[in-house]
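What follows is each chain in one-letter form.
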Amino acid sequence: MNALAAGLIVTTPELAAHVRECLDKLPVRVLFERSGAGDAGTLLQEVERLHPDLLVLELSGSVERVESLLHLLKTSTSGPAIIAVQTTAQPETIVAAMRGGADEYLYPPFYDRF
């Protein structure tokens, strides 16, 4: 089985460690890891250059920013699957994530959700 190529954009250290622990059990190769989305244009360039199959993205900022960033990433030429993660379930952010095109929204504990 071929490994999925993934990009991790997770700010919270504990959440990042938990995501890595889950992905270590799966056929996933991490192409890049960032401690935050930062500038959307720079992130998009990295995604376009590396073409990950999957992005694990910690959501932060306003609902509008979340929706806009996800839409930008989903409509890129590489069009990766996006798993949106946060430390808690926030209804307004879940809705923004789904509207923006996230394929999944997860919050700890992950257990076998990945």
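Residues numbered from 1 in each chain as written. Predicted model: local features only at pLDDT ≥ 70, side-chain atom pairs only at ≥ 80, totals over all residues. Heavy atoms only, no water.

**Focus on the environment of R29**
Structurally, the position occupied by R29 is in strand β2 (residues 28-34). Residue class for R29 comes out partly exposed when judged on its relative accessible area of 48%. The contact partners of R29, leaving out residues within four places of it in the chain, are A3, L4, A5 and A6. (Helix = DSSP H or I, 4+ residues; strand = E, 2+ residues; numbered from the N terminus. Buried < 20%, exposed > 50% of the residue type's maximum accessible area, 1.4 Å probe, protein only. Contact = heavy atoms within 4.5 Å.)

**Things to note about helix α1 (residues 13-23)**
The α-helix winds at 3.6 residues per turn, so residues separated by three or four positions along the chain end up facing the same way. All buried positions along α1 are accounted for by L15, A16, V19, C22 and L23. Projected down its long axis, α1 shows its buried positions confined to an angular sector of 125°, all on one face. Structural note: α1 exposes P13 and E14 on the side pointing more than 90 degrees away from its buried face. Packing partners of the buried residues in α1 comprise β1 (4-9), β2, β3 (54-58) and β4 (81-85). (Arc of directions from axis to C-beta.)

**Focus on the side chain of E46**
Locating E46 in the fold gives a position in helix α2 (residues 40-50). Relative accessible area serves as the criterion here: at 16%, E46 is assigned to the buried category. Other than its neighbours up to four places away in sequence, E46 contacts F32 and R34.

**Details of the nonpolar core**
Grouped together as the largest cluster of nonpolar side chains are 19 residues, with contacts concentrated most on L43, L57, L59, L70 and L73. Secondary structure elements with two or more residues in this core: α2, β3, α3 (63-74), β4 and α4 (91-100). When near neighbours in sequence (up to four residues on either side) are disregarded, L57 contacts I9, A37, L69, L70, L73, I82, I83, A84 and V85. One finds L15, V56, V85 and L106 within the second-largest nonpolar core, a separate group that totals 15 residues. (Core = buried A, V, L, I, M, F, W, Y, C linked by side-chain atoms within 4.5 Å.)

**Observations concerning the pattern of salt bridges**
Across all of its chains, the model carries three salt bridges by this definition. Note that R34 and E46 form a salt bridge whose closest N and O atoms lie 3.6 Å from each other. Of this pair, R34 sits in strand β2 while E46 sits in helix α2, and the two are 12 residues apart along the sequence. A salt bridge links D103 to K74; the shortest N-O distance between them is 2.7 Å. Residue D103 is located in the loop between α4 and β5 (104-106), and its partner K74 is located in helix α3; the two are separated by 29 residues in the primary sequence. (Salt bridge = Lys/Arg side-chain N within 4 Å of Asp/Glu carboxyl O.)

Keep in mind these values describe shape, not function.
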